[in-house]
Amino acid sequence: MDSSLILRNIGRFLLVMLLQILVFNNLYLGGYINLFVYLVFLLMLPTTMGRIPMLLVAFGTGLCIDLFCNVMGLHASAAVVLVMCRILFGNKILTKGEQIEIDTPTIYTVSVSQYIWYLVLLTLIYSFVYFTLEIFSFSDFFKIMLLTLLSTIGTSLVILLYQLIFSDRDHSHGVKRN
């Protein structure tokens with residue numbers, strides 16, 4: 001990874017952490033929608049980053065959010081599961097089997113439909129893990145599903161808005177065709 005990519009990721013981390021902690025953690029949306037905007041940082045980690053460092057970054061990021069939300073381990077656990085799923089099948093969704101290397105997955109480096117599929121699927125997995133651990137009772141299965149669905153929709157819309165505002169609009173940036 002080059003130094004400009006590292007600096008962009010540090011800046012992105014600081015921005016989304018501040019947004020999450022100062023703004024989105026304090027929004028009350030009926031008690032059924034939680035906006036996990038910091039996931040954009042995990043979704044945009046460079047694909048060239050190794051598996052272990054990516055998992056450690058996910059754990060550390062989730063733990064930082066946990067510290068400010070006073071929910072020890074929920075965000076960290078769900079973030080690690082999200083990144084593990086991203087490692088296992090994220091690139092397959094983004095590239096659709098093409099021989100393409102994408103440095104930073106954004107709405108501008110892959111097709112819009114591929115990015116939305118990537119975003120919604122991984123956010124859905126994150127939300128399901130988070131709410132399952134938070135409620136920790138399958139007698140409330142439908143509540144878990146409702147919270148998961150509404151939070152996935154809300155989070156995905158905010159992350160798409162973030163992508164439109166803050167991502168590099170140069171479509172070829174970070175894409176290498178083999």
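A quick note: this is a predicted structure, and the numbers were derived from the prediction, not measured.

Calculation notes
- Residues numbered from 1 in each chain as written.
- Predicted model: local features only at pLDDT ≥ 70, side-chain atom pairs only at ≥ 80, totals over all residues.
- Heavy atoms only, no water.
- Core = buried A, V, L, I, M, F, W, Y, C linked by side-chain atoms within 4.5 Å.
- Buried < 20%, exposed > 50% of the residue type's maximum accessible area, 1.4 Å probe, protein only.
- Helix = DSSP H or I, 4+ residues; strand = E, 2+ residues; numbered from the N terminus.
- Contact = heavy atoms within 4.5 Å.
- Patch = residues over 30% accessible without salt bridge, like charges linked within 9 Å, V, L, I, M, F, W, Y side chains within 5 Å.
- Areas by Shrake-Rupley, 256 points an atom, 1.4 Å probe, with all protein chains shown as cover.
- Salt bridge = Lys/Arg side-chain N within 4 Å of Asp/Glu carboxyl O.
- Axes fitted to C-alpha atoms, helices over the stretch in contact; angles between N-to-C directions.
- Parallel < 35°, antiparallel > 145°, perpendicular 65-115°, else oblique.
- Left-handed = near helix turned anticlockwise from the far one by under 90°.
- Nonpolar A, V, L, I, M, F, W, Y, C, P; charged D, E, K, R; others polar.
- Lys, Arg positive; Asp, Glu negative; His and termini not counted.
- Polar contact = N/O pair within 3.5 Å; in protein donor to acceptor, adjacent residues only side chain to side chain.

*Asks:* Tell me about the nonpolar core, and please be specific about residues and values.
*Replies:* The nonpolar side chains of soluble globular proteins are, as a tendency, buried together. Tyr 38, Leu 39, Leu 42, Leu 82, Val 83, Tyr 115 and Tyr 126 are the most contacted members of the largest nonpolar core, which has 45 residues in total. Sorting the residues of this core by element identifies helix 1 (3-23), helix 2 (39-43), helix 3 (51-69), helix 4 (74-95), strand 1 (100-102), helix 5 (112-135) and helix 6 (141-166) as the ones contributing at least two each. Not counting residues within four places of it along the chain, the set of residues in contact with Tyr 126 comprises Phe 36, Tyr 38, Leu 39, His 75, Ala 78, Ala 79 and Leu 82.

*Asks:* Which residues make up a nonpolar patch on the surface, and what values go with them?
*Replies:* On the surface, Leu 15, Leu 161, Leu 164, Ile 165 and Phe 166 cluster together into a nonpolar patch covering about 450 Å² of accessible area. Take the nonpolar patch: its biggest share by element is 4 residues, from helix 6. Under the relative-accessibility criterion, Phe 166 is labelled partly exposed at 47%.

*Asks:* Any chance you could break down the packing of helix 3 against helix 4 for me, citing the residues and the numbers?
*Replies:* Where helix 3 contacts helix 4, the axes come no closer than 7 Å and their chain directions differ by 155°. It follows from the interaxial angle that helix 3 and helix 4 lie roughly antiparallel. For the crossing formed where helix 3 meets helix 4, the hand is right-handed. Residues Arg 51, Met 54, Leu 55, Ala 58, Phe 59, Gly 62, Leu 63, Ile 65, Asp 66 and Cys 69 of helix 3 form the contact with helix 4, whose participating residues are Leu 74, His 75, Ala 76, Ala 79, Val 80, Val 83, Met 84, Arg 86 and Ile 87. Broken down by class, the residue content of the contact of helix 3 with helix 4 amounts to 14 nonpolar, 2 polar and 3 charged.

*Asks:* Describe the side chain of Arg 86, listing the residues and the values that go with them.
*Replies:* By secondary structure assignment, the location of Arg 86 is in helix 4. Lacking a salt bridge, the buried Arg 86 has Asp 103 as its closest oppositely charged neighbour, with an N-O distance of 9.6 Å. From its side chain, Arg 86 meets the backbone oxygen of Leu 45 in a polar contact 2.5 Å long. Contact partners of Arg 86, with chain neighbours within four places excluded, come to Leu 42, Leu 43, Met 44, Leu 45, Pro 46, Thr 47, Met 54, Asn 91, Pro 105, Tyr 118 and Leu 122.

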